[in-house]
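# Observations on the model geometry
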Amino acid sequence: MREKIPFTKMHGAGNDYIYVNTLLYNVPDPEKAAIVWSDRHKGIGSDGLVLIGKSPIPEANFSMRIFNADGSEAMMCGNASRCIGKYVYERVLTTQTQIRLLTKSGIKTLSLHVSNGVVESVTVDMGKPVLEDENLFNPQIAKSPSTPLALWRGVGGEAALFVSMGNPHFVIFTDDIDQVGEMGSKLENHAAFPQRCNIEFARIEADGTIRTRVWERGSGITQACGTGACATAVSACITGRAGRHSSIVMDGGTLDIEWREADNHVYMTGPATFVFDGEIELPE
């Protein structure tokens, strides 16, 4: 019989992952485990696998590795980082309410908002947005009339923007946000994005909120994406569609995003939720 590993299913605004505490349990092949366990018919069902670990450097308290449902490793996930904050506090791995989390895109600071021992929400300092990165985005290819990214320029300013929040995003402002299912995969794998890309379709609502649907590279349509919400808010601010503080309404819930002028950092606040605990065999 294969070894069984305890896991916890959590979600942040509907963006669901399988969490394993690698301080106690080893997952020797996380790429394969992510594929097998994330299957919504034959596995646990999730957008991917998150490993919570010990930080190899003293500047951080914990580490995070995240694997998409297709087994590819992601640089960063805002929703998963919030869930880790709730996990380590409520499972008594720490008593701190300020946590420094090491990710593949650097150290992120988590501020836990706690009431009666329960983490009700988490604010993550997501760092500075990056608007140009030749390793992630080729604007010349994107602007070619023959590409579906011809939405690059629209009436009254740019209709789409590239923003990296530690991972690449392409935010398209359109009334037809439901085209995410038709266009998401095509755009994710477009030649303009050397390492593939997360795609957001965003619409400014009458109340000032921004309704956004997300296609995540390696996972497809997801209920929410924390870095995608940040990229959307930054894009809306740059193009004059919103100010520096936005509510991003995604399929699974709402995230509060502030792009502070004082330090140029983006701060994301949102919920984190336990779903259930269980055990599962390591894949063959």
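Residues numbered from 1 in each chain as written. Predicted model: local features only at pLDDT ≥ 70, side-chain atom pairs only at ≥ 80, totals over all residues. Heavy atoms only, no water.

### Quick notes on the pairing of strand β11 (residues 198–204)
To keep it simple, the criterion reads: Burial classification: accessible surface area is computed with a 1.4 Å probe over protein chains only, and a residue below 20% of its type maximum counts as buried, one above 50% as exposed, and the rest as partly exposed. For helices the rule is a DSSP run of H or I covering at least 4 residues; for strands it is a run of E covering at least 2, with both sets numbered from the N terminus onward. What makes two strands pair is DSSP finding at least two bridges between them. When the strands point away from the viewer, a crossover counts as right-handed if the route from the first strand across the helix to the second turns clockwise.
The buried fraction of β11 amounts to five of the seven residues, a majority that puts the element mostly inside the structure. Alignment of strand β10 (residues 168–173) against β11, held across five bridges, turns out to be parallel. Paired with Phe170 across the strands is Ile199, a residue of β11. For the handedness criterion, the β-α-β arrangement of β10, helix α4 (residues 180–188) and β11 is classed as right-handed. As paired elements, β11 and strand β12 (residues 210–216) share six bridges and run antiparallel to each other. When the sheet's bridge partners are listed, Arg203 is paired in β12 with Arg211. Where β11 hands over to β12, the hairpin turn is made up of five residues, of which Gly208 adopts a positive phi near 95°.

### Some remarks on the layout of surface pockets
Heads up, the rule is: Think of a 1 Å grid over the protein atoms and nothing else: a 1.4 Å probe that fits but is trapped marks a cavity, an open set flanked by protein within 12 Å on at least five of seven lines marks a pocket, and residues with an atom within 4 Å of a point count as lining. Grid points are joined across faces, edges and corners, and a volume is the space filled by probe spheres set on the points. Note that Gly is not counted as nonpolar here; it falls among the polar residues with everything else outside the nonpolar set of Ala, Val, Leu, Ile, Met, Phe, Trp, Tyr, Cys and Pro and the charged set of Asp, Glu, Lys and Arg.
Of the voids in this model, the second largest pocket is the one considered here, and its volume is about 160 Å³. As for the second largest pocket, its lining consists of 13 residues, and the residues nearest its centre are Thr8, Asn21, Tyr25, Tyr87 and Arg91. Those elements giving two or more residues to the lining of the second largest pocket turn out to be β1 (4–12), β2 (15–21) and β17 (273–281). Across the lining of the second largest pocket, the residue classes tally to eight nonpolar, three polar and two charged.

### With respect to empty space enclosed by the protein
With the rule as written, the count across this model stands at one cavity of 30 Å³ or more. Estimated volume of the largest cavity: approximately 90 Å³. What lines the largest cavity is a set of 14 residues, among which Asn68, Ala74, Met76, Asn167 and Glu216 lie closest to the centre. Looking at the lining of the largest cavity residue by residue, the classes come out as six nonpolar, six polar and two charged.

### Brief notes about the pairing of strand β7 (residues 106–115)
Note that strand β6 (residues 98–103) and β7 share six bridges and pair antiparallel. The partner of Thr103 across the bridge, within β7, is Gly106. Taking the residues that link successive antiparallel strands as the turn, the β6-β7 hairpin has two residues. In terms of strand pairing, β7 meets strand β8 (residues 118–125) through seven bridges, oriented antiparallel. Residue His113 lies in a different strand from β8, and its bridge partner there is Ser121.

### A word on unusual backbone geometry
The backbone of Ala13 shows a phi angle near 55°, a positive value even though the residue is not glycine. Relative to the assigned elements, Ala13 resides in the loop between β1 and β2. If you check the backbone angles, Val92 has positive phi at about 60° while not being a glycine. Within the secondary structure layout, Val92 lies in the loop between α2 (78–90) and β6. On the basis of relative accessibility, which here comes to 65%, the residue Val92 falls in the exposed class.

### Some remarks on a nonpolar patch on the surface
The criterion, for reference: Grouping into patches uses exposed residues only, defined as over 30% relative accessible area, and leaves out salt-bridged ones; the cut-off is 9 Å for like charges and 5 Å for nonpolar side chains (Val, Leu, Ile, Met, Phe, Trp, Tyr). Each accessible area value is a Shrake-Rupley result obtained with a 1.4 Å probe; residue values ignore everything except the protein chains displayed when judging cover. Each reported salt bridge corresponds to a side-chain nitrogen of Lys or Arg within 4 Å of a carboxyl oxygen of Asp or Glu.
On the surface, a nonpolar cluster with roughly 350 Å² of combined accessible area is contributed by Leu23, Leu24, Tyr25 and Leu93. For Leu93, the position within the fold is in the loop between α2 and β6. Relative accessible area serves as the criterion here: at 32%, Leu93 is assigned to the partly exposed category.

### Examining α4
Let me state the cut-off plainly: When we speak of the arc, we mean the arc of directions from the helix axis to the C-beta atoms. Two residues form a contact once any of their heavy atoms are found within 4.5 Å.
Among all positions in α4, only Val180, Met183, Gly184, Leu187 and Glu188 are buried. The arc that holds every buried residue of α4, seen down its axis, measures 125°, which confines them to one face. The outward face of α4, more than 90 degrees from its buried face, is lined by the exposed residues Glu182 and Lys186. Buried-residue contacts for α4 involve β10, β11, β12 and β13 (220–222).

Structural measurements only, silent on function.
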